[in-house]
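Each chain, written out:
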Amino acid sequence: MEWFQAVVLGLIQGLTEFLPVSSSGHLTIFKAIFGIEADNLSFEVAVHAATVLSTIVAFRKEIWDIICGVFKFRYNSQTQYFLKICVSMIPVAVVGFFFKDQVEAVFGSGLFVVGSMLLLTAVLLFVSETLSNRQARKAVSEGREAGKEVGYKEAFIIGLSQALAVLPGLSRSGTTISTGLMLGVRKSSMAQFSFLMVLIPILGEAFLQLVGGDFSAEASGISTLSLLLGTLTAFVSGYIACRWMIRIVQKARLRYFSIYCCVAAAFCFIFEIVQNV
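Residues numbered from 1 in each chain as written. Predicted model: local features only at pLDDT ≥ 70, side-chain atom pairs only at ≥ 80, totals over all residues. Heavy atoms only, no water.

Caption draft 1: Up close: the packing of helix 4 (residues 60-70) against helix 5 (residues 77-98). Relative to each other, helix 4 and helix 5 sit at 105 degrees, their axes nearing to 7 Å. Judged by the angle between their axes, helix 4 and helix 5 are roughly perpendicular. When helix 4 is examined against helix 5, the residues Asp-65, Ile-66, Gly-69 and Val-70 are found in contact with a partner set consisting of Gln-78, Thr-79, Tyr-81 and Phe-82. Along the lines of polarity and charge, the residues of the contact of helix 4 with helix 5 split into 4 nonpolar, 3 polar and 1 charged. (Axes fitted to C-alpha atoms, helices over the stretch in contact; angles between N-to-C directions. Helix = DSSP H or I, 4+ residues; strand = E, 2+ residues; numbered from the N terminus. Parallel < 35°, antiparallel > 145°, perpendicular 65-115°, else oblique. Contact = heavy atoms within 4.5 Å. Nonpolar A, V, L, I, M, F, W, Y, C, P; charged D, E, K, R; others polar.)

Right, dumping it as C-alpha coordinates:
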(Lines give C-alpha, C1' and ligand atoms only; values in the text may rest on other atoms or scores of the structure.)
Protein backbone atom coordinates (compact mmCIF):
# COMPACT_ATOMS: atom_id res chain seq x y z
CA MET A 1 0.00 0.00 0.00
CA GLU A 2 1.42 3.36 -1.07
CA TRP A 3 1.28 6.35 1.28
CA PHE A 4 -1.31 8.23 -0.81
CA GLN A 5 -3.55 5.15 -0.83
CA ALA A 6 -3.30 5.00 2.96
CA VAL A 7 -4.29 8.68 3.14
CA VAL A 8 -7.33 8.10 0.90
CA LEU A 9 -8.39 5.04 2.91
CA GLY A 10 -7.94 6.97 6.16
CA LEU A 11 -10.06 9.80 4.77
CA ILE A 12 -12.77 7.37 3.66
CA GLN A 13 -12.75 5.72 7.10
CA GLY A 14 -13.02 9.02 8.94
CA LEU A 15 -15.89 10.30 6.80
CA THR A 16 -17.95 7.10 6.56
CA GLU A 17 -17.61 5.99 10.19
CA PHE A 18 -20.27 8.50 11.20
CA LEU A 19 -22.75 7.76 8.43
CA PRO A 20 -24.87 4.58 8.18
CA VAL A 21 -23.11 3.43 5.00
CA SER A 22 -20.43 1.03 6.37
CA SER A 23 -16.88 2.29 6.75
CA SER A 24 -15.48 -1.27 6.51
CA GLY A 25 -17.42 -1.82 3.29
CA HIS A 26 -16.04 1.37 1.78
CA LEU A 27 -12.51 0.42 2.80
CA THR A 28 -12.99 -2.90 0.99
CA ILE A 29 -14.36 -1.13 -2.10
CA PHE A 30 -11.48 1.34 -2.33
CA LYS A 31 -8.89 -1.36 -1.67
CA ALA A 32 -10.37 -3.25 -4.63
CA ILE A 33 -10.19 -0.10 -6.78
CA PHE A 34 -6.54 0.40 -5.76
CA GLY A 35 -5.78 -3.27 -6.36
CA ILE A 36 -4.71 -3.85 -2.74
CA GLU A 37 -5.00 -7.58 -2.15
CA ALA A 38 -3.05 -8.01 1.12
CA ASP A 39 -4.82 -8.61 4.41
CA ASN A 40 -4.59 -5.25 6.19
CA LEU A 41 -6.49 -6.06 9.38
CA SER A 42 -4.00 -4.12 11.51
CA PHE A 43 -4.41 -1.06 9.26
CA GLU A 44 -8.20 -1.29 9.55
CA VAL A 45 -8.00 -1.60 13.33
CA ALA A 46 -5.64 1.41 13.39
CA VAL A 47 -7.93 3.69 11.37
CA HIS A 48 -10.98 2.52 13.33
CA ALA A 49 -9.12 3.29 16.56
CA ALA A 50 -8.24 6.72 15.16
CA THR A 51 -11.88 7.55 14.49
CA VAL A 52 -12.80 6.26 17.94
CA LEU A 53 -10.23 8.67 19.40
CA SER A 54 -11.79 11.46 17.37
CA THR A 55 -15.16 10.46 18.84
CA ILE A 56 -13.68 10.73 22.33
CA VAL A 57 -12.42 14.23 21.56
CA ALA A 58 -15.75 15.28 20.02
CA PHE A 59 -17.79 13.83 22.92
CA ARG A 60 -15.27 14.71 25.63
CA LYS A 61 -17.82 16.64 27.73
CA GLU A 62 -20.41 13.86 27.61
CA ILE A 63 -17.79 11.19 28.33
CA TRP A 64 -16.31 13.20 31.21
CA ASP A 65 -19.78 13.63 32.65
CA ILE A 66 -20.31 9.85 32.53
CA ILE A 67 -16.91 9.18 34.14
CA CYS A 68 -17.56 11.68 36.94
CA GLY A 69 -20.97 10.14 37.57
CA VAL A 70 -19.57 6.60 37.69
CA PHE A 71 -16.84 7.54 40.17
CA LYS A 72 -19.38 8.97 42.57
CA PHE A 73 -19.98 5.27 43.28
CA ARG A 74 -23.71 5.45 43.45
CA TYR A 75 -26.47 4.47 41.07
CA ASN A 76 -27.24 7.64 39.13
CA SER A 77 -28.14 8.47 35.53
CA GLN A 78 -24.49 8.45 34.44
CA THR A 79 -23.82 5.08 36.07
CA GLN A 80 -26.98 3.72 34.47
CA TYR A 81 -25.88 4.93 31.05
CA PHE A 82 -22.42 3.38 31.50
CA LEU A 83 -23.94 0.04 32.54
CA LYS A 84 -26.14 0.06 29.45
CA ILE A 85 -23.03 0.54 27.31
CA CYS A 86 -21.41 -2.39 29.14
CA VAL A 87 -24.48 -4.55 28.44
CA SER A 88 -24.33 -3.60 24.76
CA MET A 89 -20.71 -4.80 24.59
CA ILE A 90 -21.45 -8.39 25.71
CA PRO A 91 -22.38 -9.78 22.25
CA VAL A 92 -19.41 -8.18 20.43
CA ALA A 93 -17.08 -9.42 23.19
CA VAL A 94 -18.34 -12.98 22.63
CA VAL A 95 -17.75 -12.64 18.88
CA GLY A 96 -14.28 -11.18 19.46
CA PHE A 97 -13.15 -13.90 21.88
CA PHE A 98 -14.69 -16.98 20.24
CA PHE A 99 -15.13 -16.15 16.55
CA LYS A 100 -12.14 -13.92 15.76
CA ASP A 101 -10.68 -16.26 13.11
CA GLN A 102 -14.01 -16.53 11.30
CA VAL A 103 -14.40 -12.73 11.33
CA GLU A 104 -10.91 -12.23 9.91
CA ALA A 105 -11.75 -14.75 7.16
CA VAL A 106 -14.88 -12.81 6.23
CA PHE A 107 -12.87 -9.58 6.03
CA GLY A 108 -10.87 -11.26 3.29
CA SER A 109 -14.03 -11.86 1.26
CA GLY A 110 -14.69 -10.19 -2.08
CA LEU A 111 -16.99 -7.38 -3.08
CA PHE A 112 -19.95 -9.74 -3.52
CA VAL A 113 -20.18 -10.12 0.27
CA VAL A 114 -19.77 -6.34 0.73
CA GLY A 115 -22.48 -5.62 -1.85
CA SER A 116 -24.87 -8.11 -0.25
CA MET A 117 -24.33 -6.58 3.19
CA LEU A 118 -24.81 -3.06 1.79
CA LEU A 119 -28.17 -4.19 0.42
CA LEU A 120 -29.07 -5.54 3.85
CA THR A 121 -28.04 -2.20 5.37
CA ALA A 122 -30.30 -0.43 2.86
CA VAL A 123 -33.25 -2.63 3.85
CA LEU A 124 -32.64 -2.05 7.57
CA LEU A 125 -32.46 1.73 7.11
CA PHE A 126 -35.63 1.88 5.03
CA VAL A 127 -37.66 -0.42 7.28
CA SER A 128 -36.51 1.25 10.50
CA GLU A 129 -37.39 4.74 9.27
CA THR A 130 -40.78 3.56 8.09
CA LEU A 131 -41.54 1.97 11.47
CA SER A 132 -40.11 4.96 13.38
CA ASN A 133 -42.28 7.41 11.44
CA ARG A 134 -45.32 5.23 12.03
CA GLN A 135 -44.59 5.10 15.77
CA ALA A 136 -44.07 8.88 15.86
CA ARG A 137 -47.43 9.54 14.15
CA LYS A 138 -49.16 7.20 16.58
CA ALA A 139 -47.54 8.96 19.56
CA VAL A 140 -48.64 12.37 18.29
CA SER A 141 -52.21 11.17 17.78
CA GLU A 142 -52.23 9.84 21.35
CA GLY A 143 -50.78 13.08 22.74
CA ARG A 144 -47.55 11.62 24.08
CA GLU A 145 -43.85 12.05 23.34
CA ALA A 146 -42.53 9.95 20.48
CA GLY A 147 -39.82 7.42 21.26
CA LYS A 148 -38.09 6.36 24.45
CA GLU A 149 -34.63 6.19 25.96
CA VAL A 150 -32.37 3.17 25.64
CA GLY A 151 -33.13 0.58 28.34
CA TYR A 152 -31.10 -2.47 29.36
CA LYS A 153 -33.10 -4.79 27.12
CA GLU A 154 -32.73 -2.43 24.18
CA ALA A 155 -28.99 -2.06 24.91
CA PHE A 156 -28.46 -5.83 24.70
CA ILE A 157 -30.46 -6.22 21.49
CA ILE A 158 -28.63 -3.27 19.94
CA GLY A 159 -25.39 -4.95 21.05
CA LEU A 160 -26.43 -8.10 19.16
CA SER A 161 -26.87 -6.03 16.02
CA GLN A 162 -23.43 -4.48 16.55
CA ALA A 163 -21.92 -7.96 16.79
CA LEU A 164 -23.47 -8.86 13.43
CA ALA A 165 -22.14 -5.62 11.93
CA VAL A 166 -18.55 -6.91 12.00
CA LEU A 167 -19.36 -8.17 8.49
CA PRO A 168 -17.89 -5.80 5.86
CA GLY A 169 -20.65 -3.81 4.20
CA LEU A 170 -23.10 -4.16 7.08
CA SER A 171 -22.96 -0.67 8.59
CA ARG A 172 -22.36 -0.69 12.34
CA SER A 173 -23.98 2.68 12.93
CA GLY A 174 -26.72 1.93 10.42
CA THR A 175 -27.47 -1.44 12.00
CA THR A 176 -27.43 -0.21 15.60
CA ILE A 177 -29.44 2.94 14.87
CA SER A 178 -31.96 0.95 12.79
CA THR A 179 -32.32 -1.64 15.54
CA GLY A 180 -32.86 1.07 18.13
CA LEU A 181 -35.48 2.81 16.01
CA MET A 182 -37.34 -0.46 15.43
CA LEU A 183 -37.34 -0.95 19.21
CA GLY A 184 -38.94 2.47 19.60
CA VAL A 185 -35.89 4.44 20.78
CA ARG A 186 -35.68 8.11 19.81
CA LYS A 187 -33.32 8.85 16.92
CA SER A 188 -31.55 11.60 18.88
CA SER A 189 -30.84 9.18 21.74
CA MET A 190 -29.72 6.40 19.41
CA ALA A 191 -27.21 8.54 17.53
CA GLN A 192 -25.15 9.29 20.65
CA PHE A 193 -25.53 5.80 22.13
CA SER A 194 -24.51 4.20 18.84
CA PHE A 195 -21.22 6.08 18.69
CA LEU A 196 -20.34 5.78 22.38
CA MET A 197 -21.02 2.03 22.60
CA VAL A 198 -18.23 1.25 20.13
CA LEU A 199 -15.46 3.06 22.00
CA ILE A 200 -14.32 0.29 24.33
CA PRO A 201 -14.55 -2.66 21.84
CA ILE A 202 -12.48 -0.90 19.16
CA LEU A 203 -9.88 0.44 21.57
CA GLY A 204 -9.78 -2.99 23.24
CA GLU A 205 -9.06 -4.69 19.91
CA ALA A 206 -6.29 -2.19 19.17
CA PHE A 207 -4.80 -2.78 22.65
CA LEU A 208 -4.86 -6.57 22.25
CA GLN A 209 -3.07 -6.30 18.90
CA LEU A 210 -0.55 -3.91 20.43
CA VAL A 211 0.36 -6.16 23.38
CA GLY A 212 0.23 -9.22 21.13
CA GLY A 213 2.82 -7.77 18.78
CA ASP A 214 0.46 -7.81 15.77
CA PHE A 215 -0.11 -4.05 15.63
CA SER A 216 2.75 -3.07 13.35
CA ALA A 217 3.52 -2.05 9.81
CA GLU A 218 4.93 -5.51 9.13
CA ALA A 219 1.78 -7.19 10.41
CA SER A 220 -0.38 -5.02 8.18
CA GLY A 221 1.82 -5.45 5.14
CA ILE A 222 2.40 -1.72 4.65
CA SER A 223 5.16 0.75 5.46
CA THR A 224 5.31 2.56 8.79
CA LEU A 225 4.80 5.89 6.98
CA SER A 226 1.63 4.64 5.29
CA LEU A 227 0.25 3.26 8.56
CA LEU A 228 0.91 6.54 10.38
CA LEU A 229 -0.47 8.74 7.59
CA GLY A 230 -3.60 6.63 7.26
CA THR A 231 -4.19 6.71 11.01
CA LEU A 232 -3.60 10.47 11.25
CA THR A 233 -5.90 11.18 8.31
CA ALA A 234 -8.64 9.01 9.81
CA PHE A 235 -8.38 10.90 13.11
CA VAL A 236 -8.45 14.39 11.56
CA SER A 237 -11.26 13.64 9.07
CA GLY A 238 -13.21 11.79 11.75
CA TYR A 239 -12.96 14.70 14.18
CA ILE A 240 -14.01 17.25 11.55
CA ALA A 241 -16.90 15.09 10.38
CA CYS A 242 -18.15 13.78 13.73
CA ARG A 243 -20.37 16.57 15.01
CA TRP A 244 -22.04 17.67 11.80
CA MET A 245 -22.45 14.14 10.45
CA ILE A 246 -24.13 13.04 13.67
CA ARG A 247 -26.56 15.93 13.25
CA ILE A 248 -27.25 14.70 9.72
CA VAL A 249 -27.97 11.21 11.03
CA GLN A 250 -30.29 12.68 13.67
CA LYS A 251 -32.26 14.89 11.32
CA ALA A 252 -31.95 13.47 7.80
CA ARG A 253 -34.26 10.84 6.35
CA LEU A 254 -32.50 7.49 6.54
CA ARG A 255 -34.02 6.38 3.24
CA TYR A 256 -31.56 8.67 1.45
CA PHE A 257 -28.72 6.63 2.96
CA SER A 258 -30.67 3.51 2.01
CA ILE A 259 -30.67 4.61 -1.63
CA TYR A 260 -26.95 5.36 -1.45
CA CYS A 261 -26.24 1.88 -0.05
CA CYS A 262 -28.18 0.35 -2.97
CA VAL A 263 -26.06 2.32 -5.45
CA ALA A 264 -22.85 1.28 -3.65
CA ALA A 265 -24.01 -2.34 -3.66
CA ALA A 266 -24.70 -2.17 -7.42
CA PHE A 267 -21.17 -0.83 -7.93
CA CYS A 268 -19.77 -3.77 -5.93
CA PHE A 269 -21.64 -6.33 -8.03
CA ILE A 270 -20.69 -4.69 -11.34
CA PHE A 271 -17.05 -4.30 -10.31
CA GLU A 272 -16.88 -7.95 -9.23
CA ILE A 273 -18.42 -9.13 -12.51
CA VAL A 274 -16.07 -7.00 -14.60
CA GLN A 275 -13.04 -8.22 -12.66
CA ASN A 276 -14.01 -11.85 -13.22
CA VAL A 277 -14.72 -11.53 -16.95
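Caption draft 2: Region of the structure containing a nonpolar patch on the surface. A cluster of nonpolar side chains, contributed by Ile-90, Val-94, Phe-97, Phe-98, Phe-99, Phe-156 and Leu-160, occupies part of the molecular surface with about 720 Å² of accessible area. Residue assignment for the nonpolar patch shows that the elements contributing at least two residues are helix 5 and helix 8 (152-164). Take the nonpolar patch: its biggest share by element is 4 residues, from helix 5. Tracing the sequence through the fold places Ile-90 in helix 5. We classify Ile-90 as partly exposed; its relative accessible area is 43%. (Patch = residues over 30% accessible without salt bridge, like charges linked within 9 Å, V, L, I, M, F, W, Y side chains within 5 Å. Areas by Shrake-Rupley, 256 points an atom, 1.4 Å probe, with all protein chains shown as cover. Salt bridge = Lys/Arg side-chain N within 4 Å of Asp/Glu carboxyl O. Buried < 20%, exposed > 50% of the residue type's maximum accessible area, 1.4 Å probe, protein only.)

Caption draft 3: Just the packing of helix 5 against helix 10 (residues 187-196), in detail. Helix 10 packs onto helix 5 with a crossing angle of 60 degrees between their chain directions and a minimal axis gap of 10 Å. Crossing geometry of helix 5 relative to helix 10 is assigned as right-handed. Each of Tyr-81, Lys-84, Ile-85 and Ser-88 in helix 5 lies in contact with helix 10, whose residues at this interface are Gln-192, Phe-193 and Leu-196. (Left-handed = near helix turned anticlockwise from the far one by under 90°.)

Caption draft 4: Up close: the pattern of salt bridges. Scanning the entire structure with this criterion turns up 5 salt bridges. Here Glu-17 and Arg-172 are joined by a salt bridge, their closest N and O atoms 3.9 Å apart. Within this pair, whereas Glu-17 is found in the loop between helix 1 (3-16) and helix 2 (23-34), its partner Arg-172 is found in helix 9 (residues 172-182), the two being separated by 155 residues in sequence. Per residue, the accessibility class of Glu-17 equals that of Arg-172, and both read buried. Salt-bridge contacts for Glu-142 lead to Arg-144; the nearest nitrogen and oxygen are separated by 2.6 Å.

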